There are 2 protein chains.
Amino acid sequence: MKVRVYVRLKAGVLDVQGKAIEGSLKSVGHDNVSNLRVGKVIEFDLESETKEKAKNEVENLCDKLFTNPVIEDFEITFL
Amino acid sequence: MKVRVYVRLKAGVLDVQGKAIEGSLKSVGHDNVSNLRVGKVIEFDLESETKEKAKNEVENLCDKLFTNPVIEDFEITFL
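Procedures and definitions
- Residues numbered from 1 in each chain as written.
- Chains lettered and ligands numbered in written order.
- Predicted model: local features only at pLDDT ≥ 70, side-chain atom pairs only at ≥ 80, totals over all residues.
- Heavy atoms only, no water.
- Contact = heavy atoms within 4.5 Å.
- Buried area = accessible area lost by both parts, 1.4 Å probe.
- Salt bridge = Lys/Arg side-chain N within 4 Å of Asp/Glu carboxyl O.
- Polar contact = N/O pair within 3.5 Å; in protein donor to acceptor, adjacent residues only side chain to side chain.
- Helix = DSSP H or I, 4+ residues; strand = E, 2+ residues; numbered from the N terminus.
- Pairing = 2+ DSSP bridges.
- Axes fitted to C-alpha atoms, helices over the stretch in contact; angles between N-to-C directions.
- Buried < 20%, exposed > 50% of the residue type's maximum accessible area, 1.4 Å probe, protein only.
- Expected span 1.5 Å × (residues − 1).
- Arc of directions from axis to C-beta.

J.: Would you mind going over the interface of chain A and chain B in detail, with residue names and values included?
T.: At the interface, 28 residues of chain A touch 28 residues of chain B. Note on chain A versus chain B: buried area summed over both sides is about 2500 Å², and carbon and sulfur give 51% of it. It is A:Asn32, A:Val41 and A:Asp45 that lose the most area in chain A upon contact with chain B, and together they represent 20% of the buried surface on that side. The interface formed by chain A and chain B contains two salt bridges. Between A:Glu43 and B:Arg8 there is a salt bridge; the shortest N-O distance is 3.1 Å. On inspection of chain A and its partner chain B, the count reaches 17 residue pairs in polar contact (both at pLDDT 80 or more). Looking at the side of chain A that touches chain B, the elements with two or more residues in it are strand E1 (2–9), helix H1 (16–27), strand E2 (33–46) and helix H2 (51–66) of chain A. The leading source of residues in the side of chain A that touches chain B is E2(A), at 14 residues.

Have a look at this one:
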């Protein structure tokens, strides 16, 4: 099955990349953009017997490998 | 309104970051993961009078600033 994982910085964590992009947008006239934040999206195919097993495995991957749980949140979607 | 833009490499373009992650996953026993690709997600608030105007502006931003249209595709979602 096809899995999509979004990884983004937690709400309170300063996103320097997002701030830089927002600043650049404002400097070229896009003043109506605010609260810009940049995250990652990881997509992959996963072979698994049941959806339950797949969910556990992906949560485990996210917790241990894809994210830094101190500063990042993740969101899993099965497509 | 809240806008989410996914930016990912086009299907034929080699994703070295994705390949590296997939290789690492396999080396720690996750052999059931394949076709892993990494993209970006850009989220922001946009002030706009109409949804039509917002759509045009965001498409313009994606084409000219957020992506390299030679190697990247984008997908816009209004939340």
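Having put the structure on the table, let's press on.
J.: Can you lay out the sheet that holds strand E3 (residues 72–78) of chain B for me, pointing to particular residues and giving the numbers?
T.: Strand order across the open sheet formed by six strands is E3(A)-E1(A)-E2(A)-E2(B)-E1(B)-E3(B), with antiparallel pairing between neighbours. Both edges of this open sheet fall to strand E3 (72–78) of chain A together with E3 of chain B, since each of them pairs with a single strand only. Direction aside, neighbouring strands of the sheet carry axes that sit 25° apart on average. Across 11 bridges, the pairing between E2(A) and strand E2 (residues 33–46) of chain B is antiparallel. When the bridges of E2(B) are listed, A:Leu46 appears paired with B:Val33. Docked against the sheet, helix H2 (residues 51–66) of chain B engages E2 of chain A together with strand E1 (2–9), E2 and E3 of chain B, running at close to 155° with respect to E3(B).

J.: I'd love a proper account of the pattern of salt bridges, names of residues and values included.
T.: Inspection of the entire model under this criterion finds 14 salt bridges over all chains. A salt bridge links A:Lys2 to A:Asp45, with the shortest nitrogen-to-oxygen separation between them at 3.8 Å. Here A:Asp45 lies in strand E2 and A:Lys2 lies in strand E1, a separation of 43 residues in the sequence. On the basis of relative accessibility, which here comes to 22%, the residue A:Asp45 falls in the partly exposed class. Of the charged contacts, one joins A:Glu75 and A:Arg8 as a salt bridge, the two residues approaching to 2.9 Å between their closest N and O atoms. Taken together, the residues A:Glu75 in strand E3 and A:Arg8 in strand E1 connect sequence positions 67 residues apart. Under the relative-accessibility criterion, A:Glu75 is labelled partly exposed at 31%. A residue is classified by how much of its surface remains accessible, and A:Arg8, at 18% relative accessible area, is buried. When salt bridges that share partners are traced, they join A:Arg4, A:Glu43, B:Arg8 and B:Glu75 into one network.

J.: An account of H1(A) is requested, with residue identities and associated values reported.
T.: All names here are of chain A. The terminal C-alpha atoms of H1, which comprises 12 residues, lie 16 Å apart, in line with the 16 Å expected from a rise of 1.5 Å per residue. Those residues of H1 not exposed but buried are Gly 18, Glu 22 and Leu 25. Here the buried residues of H1 occupy an arc of 60° about the axis, which is enough to place them on one side. In this structure, H1 carries Val 16 and Ser 27 as exposed residues pointing more than 90 degrees from its buried face. Between a side-chain oxygen at the N-terminus of H1 and the backbone nitrogen of Gln 17 the separation is 3.3 Å; the capping residue is Asp 15. Directly after H1, the chain includes Gly 29, whose backbone phi takes a positive value near 100°.

Treat this as a map of the structure, not an account of what it does.
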